[in-house]
Structure formats: C-alpha cells, structure tokens
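Residue-level listing of the chains:
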Amino acid sequence: MFDKAFEKVFEEILKKEGGYVNHPNDSGKSTNFGITEAVARKHGYHGHMKDFPVSYAKNIYYTDYYKNPRINEIIDDKLRMEVFDTAVNCGTKTAIKFLQESFNLINPGSPLSVDGIIGHQTLKHINNYKSQNRLFVLCNALQAEYYLKITRNNEKNESFIFGWLDKRVFD
C-alpha cells in the first residue's frame, strides 16, 4: 500500500514527532506520534492516546497529509519531505501555500494561485522548476517565519519554539 518514498518520509516524521505527549501548553492536547486526539477520533480511534498504534498514525499520515493533498506527487525527495513535514506540523493548506508562495517569489508574475491546493498547475510548475533547492530553502524559511509568528501571538508556544526550529528548520 505504501510506496518507498512514503516509508522514508514517515520514518523521518516519527523521529521528529516521537511518541505520546500531553503537554499543558500544546493546543493539540494529547498526541501520539504527532497525531492529535481530535484527528485520531475523526479516524475512528476510541482508545487512550497512550495506546494509539503507530500503524494507525501511519495510515492517517498517508491519507490526510501525503496522498490526498497530493504531496506524494512532488518529484524532488528533499522538497517533498519539507512540504510533508510542514503539513504534519502546520497543516496541509499552510504547507502547500508556502510551496506556492515560494515558487511565486522566485518567479515574479507566476500563474500559481496561493490557494493551499496542489492541482495540475502547481505540480507542473513545481516539478519542472530547475532549482528545487531554492524552493526548499524558501519553504523552510516560511515555515520558520510561521513558528516565530505563532510564538509571538501566543506565549504558550514559547515552550515549543526551539524544538520546532531545531527539528524542523535547522535540521
């Protein structure tokens, strides 16, 4: 069911997300493998989050954060991982908007709509762009900017800012 590229990005996400966490400042409340209790419940999981199986998390990541938003169709491995990682931590629409905005910044007058949806035009332009590393760097910068903004707007996020930056931006 899972392709090799997903297996690789999933392994990387597990390293960043870890296991069970119930931090008082986390707006996601109780999480396991980075999956919030609300998302787990939406997918039919009824047990305690401490017991949430990694196989359940894997299926959720594959459908909600990888295949359905079409992140799996980004050809460059490094860029695909960046967009997937951002989708997991910031939401799929946000991650895709960062990708589209990055392309538009590099290509003034670009036809890409910054709508948070990977469609035919986004895939065509992203996958045919010659300097994938530039897209990666800009997406990563927008991710860092996002973390700084949400930390400035909510002091509870001060608990997480260095973890986000160390694991997701500087790594």
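Look up a bit, the structure's there.
This report concerns the structure included in the present document. Note that this is a predicted model, so its numbers are computed, not measured. (Residues numbered from 1 in each chain as written. Predicted model: local features only at pLDDT ≥ 70, side-chain atom pairs only at ≥ 80, totals over all residues. Heavy atoms only, no water.)

**A closer look at the overall build of the protein chain**
For the record, the criterion: Put simply, DSSP H or I for four residues or longer makes a helix, DSSP E for two residues or longer makes a strand, and each gets a number counted from the N terminus. For a compact globule the rule gives 2.2 Å times the number of residues to the power 0.38, and the radius of gyration it is set against comes from C-alpha atoms. Working definition: with a 1.4 Å probe on protein chains only, accessible area under 20% of the residue-type maximum means buried, over 50% means exposed, and in between means partly exposed. Contact definition: two residues touch when any of their heavy atoms are within 4.5 Å. Accessibility throughout is a Shrake-Rupley quantity obtained with a 1.4 Å probe, and a residue counts as covered only by protein chains that appear here. Charge convention: Lys and Arg are scored as positive, Asp and Glu as negative, and His as well as the terminal groups of each chain are ignored. Charge coordinates come from a single atom per side chain, which is NZ of Lys, CZ of Arg, CG of Asp or CD of Glu.
Looking only at helices and strands, the protein chain features eight helices and two strands. Taken from N to C terminus, the helices and strands of the protein chain fall in the order α-β-β-α-α-α-α-α-α-α. In terms of C-alpha radius of gyration, the protein chain reaches 16 Å, essentially the compact-globule figure of 16 Å for 171 residues. Of all 171 residues assigned to the protein chain, the portion counted as buried reaches 42%. For the protein chain, restricting intrachain contacts to residue pairs at least 6 apart in sequence, the fraction spanning at least 24 positions comes to 49%. Put simply, the protein chain shows about 9,200 Å² of open surface, and 52% of that area lies on carbon and sulfur atoms. The averaged location of the 21 negative side-chain charges in the protein chain is 3 Å from the averaged location of its 23 positive side-chain charges.

**Observations regarding helix 5 (residues 92-106)**
Our working definition: Between the first and last residue of a helix there are one fewer steps than residues, each counted as 1.5 Å, and that sum is the expected span.
For helix 5, built from 15 residues, the straight-helix expectation of 21 Å at 1.5 Å per residue is met to within 8% by its first-to-last C-alpha distance of 21 Å. In this structure, the buried residues of helix 5 make contact with helix 4 (77-90), helix 6 (120-128) and helix 7 (132-153).

**Regarding the layout of surface pockets**
Threshold: With a 1 Å grid spanning the protein atoms alone, the term cavity applies to any set of points in which a 1.4 Å probe fits but cannot get out, the term pocket to an open set with protein on both sides within 12 Å along at least five of seven lines, and the term lining residue to any residue with an atom within 4 Å of a point. Grid points are joined across faces, edges and corners, and a volume is the space filled by probe spheres set on the points. Residue type decides the class: Asp, Glu, Lys and Arg count as charged, Ala, Val, Leu, Ile, Met, Phe, Trp, Tyr, Cys and Pro as nonpolar, and the leftover types, Gly among them, as polar.
Approximately 290 Å³ is the volume attributed to the second largest pocket. Taken together, 17 residues form the lining of the second largest pocket, with Glu12, Asp77, Lys78, Met81 and Glu82 sitting closest to its centre. The leading source of residues in the lining of the second largest pocket is helix 4, at six residues. Its residues assigned to classes, the lining of the second largest pocket comprises five nonpolar, one polar and eleven charged.

**Comments concerning the side chain of Gln132**
For Gln132, the location among the structural elements is in helix 7. Those residues in contact with Gln132 that lie beyond four places of it in its chain are Asp76, Leu79, Ile126 and Asn127.

**Concerning the pattern of salt bridges**
Just so we agree on the cut-off: The salt bridge criterion pairs a side-chain nitrogen of Lys or Arg with a carboxyl oxygen of Asp or Glu, the two atoms within 4 Å.
Inspection of every chain in the model, using the stated rule, returns seven salt bridges. Residue Glu73 pairs with Arg70 through a salt bridge whose shortest N-O separation is 2.8 Å. Arg70 sits in the partly exposed class, given a relative accessible area of 28%.

**Topic: the nonpolar core**
Quick note on the threshold: We call a set of buried residues a nonpolar core when its members are Ala, Val, Leu, Ile, Met, Phe, Trp, Tyr or Cys and they connect through side-chain atoms within 4.5 Å of each other.
By size, the foremost hydrophobic cluster in this structure holds 37 residues, and its most contacted members are Phe52, Tyr61, Leu79 and Phe84. Looking at this core, the elements with two or more residues in it are helix 1 (4-17), helix 2 (37-42), helix 3 (54-67), helix 4, helix 5, helix 6 and helix 7. If we skip the residues at most four places from it in the chain, Leu79 touches Ile74, Leu99, Ile126, Gln132, Leu135, Phe136 and Cys139. Formed by five residues, the second largest nonpolar core is a distinct cluster that contains Cys90, Ala144, Tyr147 and Val169.

**Structural notes on the packing of aromatic side chains**
Stated precisely, the cut-off is as follows: Two rings belonging to Phe, Tyr or Trp (six-membered ring only in the last case) form a pair when the distance between their centres is within 6.5 Å. Interplanar angles under 30 degrees mark stacking, angles over 60 mark edge-to-face geometry, and anything in between is tilted. Counting as a charge over the ring demands two things of the Lys NZ or Arg CZ atom: a distance within 6 Å of the ring centre and an angle within 35 degrees of the ring normal.
For the structure shown, the criterion picks out 17 aromatic pairs. Taken together, the aromatic side chains of Phe2, Phe6, Phe10, Tyr61, Tyr62, Tyr65, Tyr66 and Phe84 make up a single cluster linked through ring pairs. One residue, Lys78, lies across the ring of Phe136, its end atom 4.4 Å from the ring centre.

**Section: the environment of Phe103**
Tracing the backbone through its elements, the reader meets Phe103 in helix 5. Looking at Phe103, the relative accessible area reads 5%, which means it is buried. Once the C-alpha coordinates of Phe103 and Ala38 are considered, the two residues, 65 residues apart in sequence, prove to be 33 Å apart. Residues in contact with Phe103, not counting those within four places in the same chain, are Ser110, Leu112, His125, Ile126, Tyr129 and Leu135.

**Some details on unusual backbone geometry**
With glycine set apart, most residues show a phi of negative sign, and most peptide bonds adopt trans. A positive phi is found at Phe33, a non-glycine position, where the angle reads about 55°. Looking at where Phe33 falls in the secondary structure, it is placed in the loop between strand 1 (31-32) and strand 2 (35-36). On the basis of relative accessible area, Phe33 is assigned to the buried category, the value being 17%. The phi angle at Arg70 is positive, at roughly 70°, despite the residue not being glycine. Examined against the element boundaries, Arg70 turns out to sit in the loop between helix 3 and helix 4.

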